[in-house]
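# Structural features, examined
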Amino acid sequence: QVQFVESGGDLVQPGGSLRLSCRTSGRDFSAYTVTWYRQAPGNQREVVATITSGGSTAYADSVKGRFTISRDNAKNTVYLRMNSLKPEDTAVYYCNTVLGWTKDYWGQGTQVTVSS
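No experiment lies behind these values; they were computed from the predicted model shown. Residue numbers run consecutively from 1 along every chain, following the written order of its sequence. Per-residue local features are limited, in this predicted model, to residues with pLDDT of at least 70; the limit for side-chain atom pairs, both in listing and counting, is 80 or more; totals at the level of whole chains, interfaces and linings are taken over all residues. With hydrogens and water stripped out, all remaining heavy atoms of the structure feed into the side-chain values.

Here, the term disulfide refers to a pair of cysteine sulfur atoms separated by no more than 2.5 Å. Under the defined criterion, the tally for this structure stands at one disulfide. The disulfide partner of Cys22 is Cys95, and the gap between their sulfur atoms is 1.8 Å. Across the S-S bond of Cys22 and Cys95 the torsion is about 75°, and the bridge reads as right-handed. Remark: Cys95 occurs in strand β9 (residues 91-96) and Cys22 occurs in strand β3 (residues 18-24); sequence separation between them is 73 residues. Take Cys22 and Cys95: they sit in the same class, and that class is buried. Secondary structure is summarised from DSSP: a helix means a run of H or I of at least four residues, a strand means a run of E of at least two, and numbering begins at the N terminus for each. Relative accessibility under 20% of the residue-type maximum defines a buried residue, over 50% an exposed one, and the middle range a partly exposed one, all with a 1.4 Å probe and only protein chains included.

The aromatic pairing rule takes the rings of Phe, Tyr and Trp, using the six-membered ring of Trp, and pairs them if the centres are within 6.5 Å, calling planes under 30 degrees apart stacked, those over 60 edge-to-face and the rest tilted. The final tally for this structure, using the stated rule, is three aromatic pairs. Ring geometry for Phe4 versus Tyr105: centroids 6.2 Å apart, planes at 45°, classification tilted. One end of the pair, Phe4, is in strand β1 (residues 4-7); the other, Tyr105, is in the loop between α1 (98-101) and β10 (110-114), and 101 residues separate them in sequence. Judged by relative accessible area, which is 5%, Phe4 ranks as buried. When its relative accessible area of 22% is taken as the criterion, Tyr105 is described as partly exposed. Relative to Trp106, the ring of Tyr94 lies with its centre 6.0 Å away and its plane at 75°, an arrangement referred to as edge-to-face.

Given below as structure tokens:
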């Protein structure tokens with residue numbers, strides 16, 4: 001079964017930056033769209049950013065211009081660079097592909113807390 005291991009979350013001040021990493025298992029990683037999601041306490045999980053096999057990217061309006069998604073297929077890893085962080089970015093961040101979300105399979109996520 002595909003696995004997702006998220007890392008890089010931390011406590012940061014407003015305006016700070018973090019880079020999250022998502023390392024995946026399974027074959028043909030490069031063929032799949034990878035999506036970053038986040039879930040704050042009491043809220044639904046929401047899409048943050050996505051990157052296709054061809055490298056096309058898309059972002060939620062709330063993070064557009066501040067976050068950048070990228071991938072390194074040789075490392076089976078997707079990154080999320082987060083700049084100009086705001087308290088409302090506080091959430092657990094997850095990555096996934098169609099192989100996982102169609103089965104409601106998720107990794108542990110990584111906690112991002114933006115607070116002074």
